[in-house]
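# Structural features, examined
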Amino acid sequence: MVSKKIILAFALLTGMLTRVNAQQKDFHNWAETPPMGWNSWDCFGPTVVESEVKSNADYMHKNLKAFGWEYVVVDIRWYVGNDKANGYNEKDPDYVLDAYGRFQPAVNRFPSAANGKGFKPLADYIHQKGLKFGIHIMRGIPVEAVKRNLPIMGSKATAKDIYSTELQCKWLRDMYTVVAGRDGAQEYYNSLFKLYSSWGVDFIKVDDLSRPYHTGEIEMIRKAIALTGRKIVLSTSPGETPIANAAHVQNHANMWRTVDDFWDNWTMLKDHFDVFERWNNYRAPGAWPDGDMLPLGKIGIRAERGNPRMTAFTRDEQYTLMTLWTIFRSPLMFGGDLPGNDAFTLSLLNNSEVINILKNSTNNRQLFRNANGICWVADDPQTGDKYVALFNPGDDNGAADISVNLNDIGFSKPCKVRDLWSKTNKSNVKGILTAKVNKHGAALFRISQIK
């Protein structure tokens with residue numbers, strides 16, 4: 001006769017597996033629209049401290065939460081007590097690890113993490129403002145954990161049993177590869193995300209997953225998130241994820257990088273027209289190709305690249321950046337120090353008519369690209385209106401007249417035209433809509449057919 005204990009254990013295991021399977025299928029629901037937030041990388045590189053994170057959270061709560069901005073993300077190397085700007089301290093890094101080889105926040109930078117509290121107090125602070133908390137990690141297991149041969153929580157294995165020096169990250173040597181299938185490998189990732197879940201993490205950016213594409217570790221991460229029972233949005237990084245792996249990353253991540261680190265450089269911005277056209281067929285609710293962070297506002301304060309500055313993008317280039325990311329529906333992760341925003345930068349972030357395109361548009365696509373300019377369009381499925389974005393990527397000194405035939409987007413009758421950046425109504429148009437667009441600039445319109 002089967003004992004009650006065995007029956008109970010079987011029931012608990014069955015219930016756990018059911019929850020895991022459900023979460024693996026449903027995690028796209030956690031990011032039904034492209035995530036919007038702030039990330040510390042562009043302004044503070046690997047050196048951000050707790051007070052700076054809180055000040056950005058305070059600004060977001062006061063000025064941006066009502067417009068859909070919600071994630072506050074601590075980027076790379078929060079576990080190093082003596083990192084530096086304009087690169088990384090790899091000479092004598094002061095790593096902070098626990099007994100199971102898991103990095104912990106450096107207390108000299110994050111005082112609330114003292115006494116083993118980790119990021120929970122900081123996450124609680126952000127959650128109390130109605131916002132969500134995120135962190136960055138590197139793929140793999142710490143080299144330091146392997147050197148010490150630390151145990152793996154939930155396993156008889158140790159760090160030396162699950163690591164490999166093959167495919168070690170070339171630009172930062174903190175980690176070794178975790179070999180999928182080895183005893184203790186899945187348990188290691190399970191222990192990481194169990195820790196992050198206990199801290200209250202809502203978003204995680206996992207670096208060094210895309211070049212080459214690390215199928216095994218991505219799958220272990222996905223399973224580990226599911227086991228936590230917490231809704232943790234997964235962002236994979238960096239570089240262009242191989243198109244050949246598009247279906248796999250769609251089924252395992254909420255967002256994935258399409259480019260290397262993006263900075264305030266026109267050539268890099270111009271390249272995104274090709275990148276976004278290439279990735280346009282792979283966007284789905286909860287699965288978003290990511291054009292990388294927005295290097296806008298006050299950046300470079302203690303960054304990995306560049307000196308303290310307001311973005312080097314011209315105002316026209318900033319309109320192009322925000323218009324292209326929005327109509328493509330890329331996640332929006334602001335890189336500048338929010339309290340240092342000027343009025344113009346804030347106006348790029350709190351335009352509800354523009355954000356509505358990011359949140360609710362469909363059928364987003366490039367309509368044409370020719371010698372005169374570029375046109376992207378999208379639908380408003382609720383009203384039948386159309387969105388039209390016109391870009392002038394030309395490098396000469398003048399503005400250009402860029403025209404779109406409204407018949408090509410389904411409008412044969414006179415239409416109302418709303419300029420979304422200036423928030424003004426233009427003259428009604430039938431047939432051809434023409435706009436004068438500055439060099440490197442953009443225009444963005446809502447088109448409504450007159451009944």
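All values derive from a computational prediction rather than experimental measurement.

Moving on: the side chain of Glu52. Mapped onto the elements of the fold, Glu52 is located in helix 3 (residues 50-63). Taking relative accessible area as the criterion, Glu52 reaches 15% and is therefore assigned buried. What Glu52 contacts, discounting residues up to four positions off in sequence, is Phe44, Thr47 and Arg302.

In terms of nonpolar packing, the biggest core is built from 121 residues, with Trp69, Trp78, Ile135, Ile141, Phe193 and Tyr196 touching the most fellow members. Per-element accounting of this core gives the leading share, eight residues, to helix 7 (residues 185-199). Taken together, domain 1 (27-360) and domain 2 (366-449) each give at least three residues to this core, which thus spans both. Apart from residues lying up to four places away in sequence, Phe193 is in contact with Ile204, Ile221, Ala224, Ile225, Thr228 and Ile232.

Next up on the list: the pattern of salt bridges. By the definition in use, this model includes 26 salt bridges. A salt bridge links Arg211 to Asp260; the nearest nitrogen and oxygen atoms lie 2.5 Å apart. A residue pair is termed long-range when its members are at least 10 positions apart, and Arg211 in the loop between strand 7 (203-207) and helix 8 (215-228) and Asp260 in the loop between strand 9 (255-257) and helix 10 (266-279) qualify at 49 residues. By relative accessible area, which is 46% here, Arg211 ends up partly exposed. Between Arg257 and Asp261 there is a salt bridge, and its shortest N-O distance comes to 2.9 Å.

So, about the UniProt feature "domain: Alpha galactosidase C-terminal" (unreviewed entry) in the protein chain. In the UniProt entry, the feature "domain: Alpha galactosidase C-terminal" (unreviewed entry) is given for residues 382-447. Secondary structure across residues 382-447 comprises 0% helix and 53% strand; the distance between its end C-alpha atoms is 13 Å.

A sheet is described by the order of its strands in space; here six strands give the open sequence 14-15-16-21-18-19, paired in antiparallel fashion. For this open sheet the edge positions go to strand 14 (362-369) and strand 19 (424-429), each flanked by a neighbour on one side alone. Each strand of the sheet is rotated relative to its neighbour by a mean of 25°, with strand direction disregarded. Pairing of strand 14 with strand 15 (residues 374-379), which is carried by five bridges, proceeds in the antiparallel orientation. Its bridge partner lying in strand 15, Phe368 is registered against Cys375. On the sheet, helix 10 packs against strand 14, strand 15 and strand 16 (386-391) and is oriented at approximately 130° with respect to strand 14. Relative to the sheet, helix 11 (residues 315-328) contacts strand 14, strand 15, strand 16 and strand 21 (442-449), its axis offset from that of strand 16 by approximately 140°.

A separate point is the pairing of strand 17 (residues 400-405). The alternating pattern of strand 17 places Ala400, Ile402 and Val404 on a buried face, while none of Asp401, Ser403 and Asn405, on the opposite face, is buried. Sheet topology note: the strand 17/strand 20 (residues 432-437) ladder contains six bridges and is antiparallel. The partner of Ile402 across the bridge, within strand 20, is Ala435.

Across its 14 residues, helix 11 extends 20 Å between first and last C-alpha, which sits within 8% of the 20 Å expected from 1.5 Å per residue. With 11 of 14 residues buried, helix 11 lies mostly within the body of the structure. Once helix 11 finishes, Arg329 follows within two positions and takes phi at roughly 70°, a positive value.

Turning our attention to the environment of Asn428. Looking at the element boundaries, Asn428 is found in strand 19. With relative accessibility at 52%, the residue Asn428 sits in the exposed group. It is 4.8 Å that separates the C-alpha atoms of Asn428 and Lys416, two residues lying 12 residues apart in sequence. With near-sequence residues (within four places) excluded, Asn428 lies in contact with Cys415, Lys416 and Ile450.

The rules behind each value
- Residues numbered from 1 in each chain as written.
- Predicted model: local features only at pLDDT ≥ 70, side-chain atom pairs only at ≥ 80, totals over all residues.
- Heavy atoms only, no water.
- Helix = DSSP H or I, 4+ residues; strand = E, 2+ residues; numbered from the N terminus.
- Buried < 20%, exposed > 50% of the residue type's maximum accessible area, 1.4 Å probe, protein only.
- Contact = heavy atoms within 4.5 Å.
- Core = buried A, V, L, I, M, F, W, Y, C linked by side-chain atoms within 4.5 Å.
- Domains from an automatic or database assignment.
- Salt bridge = Lys/Arg side-chain N within 4 Å of Asp/Glu carboxyl O.
- UniProt positions renumbered as here; feature names shortened; annotations may be inferred.
- Pairing = 2+ DSSP bridges.
- Axes fitted to C-alpha atoms, helices over the stretch in contact; angles between N-to-C directions.
- Expected span 1.5 Å × (residues − 1).

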